Every structure is written in C-alpha cells, then in structure tokens.
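Survey of secondary and tertiary structure
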Amino acid sequence: MAAAPHAVDELTRVQEPSTGWRAAVGKFVRQRPLGAVGAALILLTAFSALTAHWIAPYDPLLNDYAAMLAAPGAGHWLGTDAFGRDVLSRIIFGSRTALTVGLGASLIGATLGSLIGVSSAYFGGRVDLVVQRVMDVFFAFPVIILALAVVAILGTGAGNVILAIATPMVPRCARVVRSSALAAREMPYVDAARASGFSHARIILRHMLPNVMAPILIMGTAFLGEAILLEASLSFLGLGVQEPTAAWGLMLRGAAVEFAETAPWMAIFPGLAISLAVFGFNLFGDSLRDALDPRLRTQ
C-alpha cells in the first residue's frame, strides 16, 4: 500500500536536517580543499586542548633533572627542555593556553568592534565622524605596539594579555563592520523599525547587527590566528603568560638563544605548532570569506 502524501512529506522533513549539514560540509571540502585543511588543523588544535590531560604523556610542569636536554627518542618523542620537562606535553598543554587567549581576545575584539561599527553607521553624522577619527588614532599604531602598551599598563597574566590583544582588534573590526552596516542602514526594514517607534538599541541589536554577521564571523576567525601569534610574541618577550604555564611563546623564549645549537628541538617544535595553528586559522578564514561572499560564491 502506497504511503500517504503527507506521510512522505513528513519523512522528508525529518531526514532533511540530518543530511543538510553533511551536504554543506561535503560541498565545502570539495570546493575549498585548502579551507578543509585549515579546518582539520583547527580541529587538531582544539582536540589537543580539550584532551590534554588524557593524551599528554607527562605532566607539563614535572621537572626531571635526570633527563635534562634529552634528544627526541622513545622516552620523550620530542625531547625535553633545560628543566627536564617533556616538550610534547608542554606543546599539547600550550594549545590550551593559545586557544584560551585567542578565543577570548577575538570574542572581545569582534564583539566590541561590531557594536561600535554598527552604532557608528546607524547614527551617522557627527557621531560617525568622531568615532571614526578615534579609530584612526588606534590605526596609527602597529598592532604589537598597542598590545605592548596595554600590557605595560595592566601587567602580565592571561586575563591582561587577552585585553591587550583584543584592544587593537576593536578598531579594525569596527571599520569593516561599519562599511557593511552603512548599506544595511538604508534597507526598508530599518525604516520600518524606526517608523514603528523602536528604540535605537533594538534597531541596532535586533535588525542591523544580525544582517552584518558575515564580516563579523570572517574577522573573528582571522583574529584567532593573529591572537595566537600575538600571544606567542608577548610571551616570548616576557610580557605574556608567565612560567611555569605551558605556552608556546614561553617555550621559544627559553630555547631560542641559549640552546639553539645544542638542543634545537626546544625551538623547532613549538615554532612548528605556532605556524600550523596560525596557518590553519588563516586558511579557514579565507575560505569562509569566499563561501559567505556572494560575489565569490561558486555554484
């Protein structure tokens, strides 16, 4: 007996959600293989951070003075540092530090920058002029200089490093989001919201901000890779997270000069971890931009 039409429709509706995301992922992998490689590197970094306590062979803070500067081998796959700490374990736990700082900084920077950019575009006029001139002041300084200035004022530590890295990201995100919000401000639904007597905050948060999410997502993804690199740079300079925390920049700081010839693995493997993480986020961010931009979208 043939199934009733409404039963077939109901079955189709039930099956669609389970296959829709698979089709989208498959299409993304086929059309943008470099983005898929970047996503794989991101997932590997996230997996290491989430499962560090289970997959790390040693305690990253454990000092084994009998195995100081041990070369890579069966006991320590990536060797040990000057305190006998396992390099592989510290790299695995360092991914947790990198992602914590990166996610925190990119979330704060993208959120504040988006709100400032949308608000500036919405109010326009003198408000927009003043806000953009303030953003120009921040643009006058290199990113690392702004981060160093904030750390010098607030001090070291993970929380202060997150704020230091987020600060130079705010004006950059605000400028990009503002350009999209200027077009959204002229759309009929914004005029209808004004005519309905909605408050400025509701129009900005409920009507304009959701319609400029594409550049926000792209900027947030790009900021993640840059935040990881900035965190490593600040830690290398001694202004980021402090010992004995496992962090890739700290590992480079202790290995780059003193043991560059006698124990090169102390610098090679942390540097490789930083490169792969930043490379993964950049690849995925570029592919995400292409996927979300209608002008670059392929059929």
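The structure displayed is predicted, hence computed values, not measured ones.

**Re the pattern of salt bridges**
Applying the stated rule across the entire model yields nine salt bridges. Its salt-bridge partner being R90, residue E243 comes within 3.7 Å of it at the nearest N-O pair. With E243 in the loop between α10 (213-236) and α11 (248-255) and R90 in helix α4 (residues 87-123), this residue pair connects regions lying 153 residues apart in the sequence. We classify E243 as partly exposed; its relative accessible area is 42%. Judged by its relative accessible area of 2%, R90 falls in the buried class.

**What about the layout of surface pockets?**
When its volume is computed, the largest pocket comes out at roughly 340 Å³. Sorting the residues of the lining of the largest pocket by element identifies α2 (33-50), α4 and α12 (265-292) as the ones contributing at least two each. Of the residues forming the lining of the largest pocket, the biggest block, five residues, is contributed by α12. Residue composition of the lining of the largest pocket, by class: twelve nonpolar, three polar and no charged.

**Observations concerning the side chain of S114**
The topology assignment puts S114 in helix α4. Setting aside its immediate chain neighbours within four residues, S114 contacts C173, V177, L209 and I216.

**A few points about the packing of helix α5 (residues 125-139) against helix α7 (residues 158-185)**
It is the contact of α5 with α7, at a shortest axis distance of 9 Å, that shows an interaxial angle of 135°. With respect to their mutual orientation, α5 and α7 come out oblique. In this structure, the crossing between α5 and α7 has a hand that is left-handed. Contacts between α5 and α7 pair D128, Q132, M135, D136, F138 and F139 from the former with T167, P171, R172, A174, R175 and R178 from the latter. Residue composition of the contact of α5 with α7, by class: five nonpolar, two polar and five charged.

**Observations regarding helix α6 (residues 143-154)**
With twelve residues, α6 should cover 16 Å at 1.5 Å per step; its first-to-last C-alpha distance of 17 Å lies within 8% of that length. Looking only at α6, the buried set comprises L146, A147, V150 and V151. Within α6, the buried residues cover an arc of 135° as seen down the axis, which keeps them to one side. Residues of α6 that are exposed and point over 90 degrees away from its buried face: A152 and I153. For α6, the elements touching its buried residues are α5, α7 and α10. Of the residues one or two after α6, G155 is the one with positive phi, at around 100°.

**Quick look at the nonpolar core**
Soluble globular proteins tend to pack their nonpolar side chains together in the buried interior. Core analysis: the largest hydrophobic core is formed by 32 residues, its most contacted members being V118, I165, M208 and V212. Put simply, the parts of the chain that give this core at least two residues each are α4, α6, α7, α8 (188-195), α9 (200-208) and α10. A per-element tally of this core places α7 first, with ten residues. Setting aside its immediate chain neighbours within four residues, I165 contacts V101, A105, A227, L230, E231 and L234. I42, A82, L252 and W265 belong to the second-largest nonpolar core, a separate cluster that totals 29 residues.

Rules of the game
- Residues numbered from 1 in each chain as written.
- Predicted model: local features only at pLDDT ≥ 70, side-chain atom pairs only at ≥ 80, totals over all residues.
- Heavy atoms only, no water.
- Salt bridge = Lys/Arg side-chain N within 4 Å of Asp/Glu carboxyl O.
- Helix = DSSP H or I, 4+ residues; strand = E, 2+ residues; numbered from the N terminus.
- Buried < 20%, exposed > 50% of the residue type's maximum accessible area, 1.4 Å probe, protein only.
- 1 Å grid on protein atoms, 1.4 Å probe; cavity = no way out; pocket = protein on both sides within 12 Å on 5 of 7 lines; lining within 4 Å.
- Points joined across faces, edges and corners; volume = space filled by probe spheres on them.
- Nonpolar A, V, L, I, M, F, W, Y, C, P; charged D, E, K, R; others polar.
- Contact = heavy atoms within 4.5 Å.
- Axes fitted to C-alpha atoms, helices over the stretch in contact; angles between N-to-C directions.
- Parallel < 35°, antiparallel > 145°, perpendicular 65-115°, else oblique.
- Left-handed = near helix turned anticlockwise from the far one by under 90°.
- Expected span 1.5 Å × (residues − 1).
- Arc of directions from axis to C-beta.
- Core = buried A, V, L, I, M, F, W, Y, C linked by side-chain atoms within 4.5 Å.

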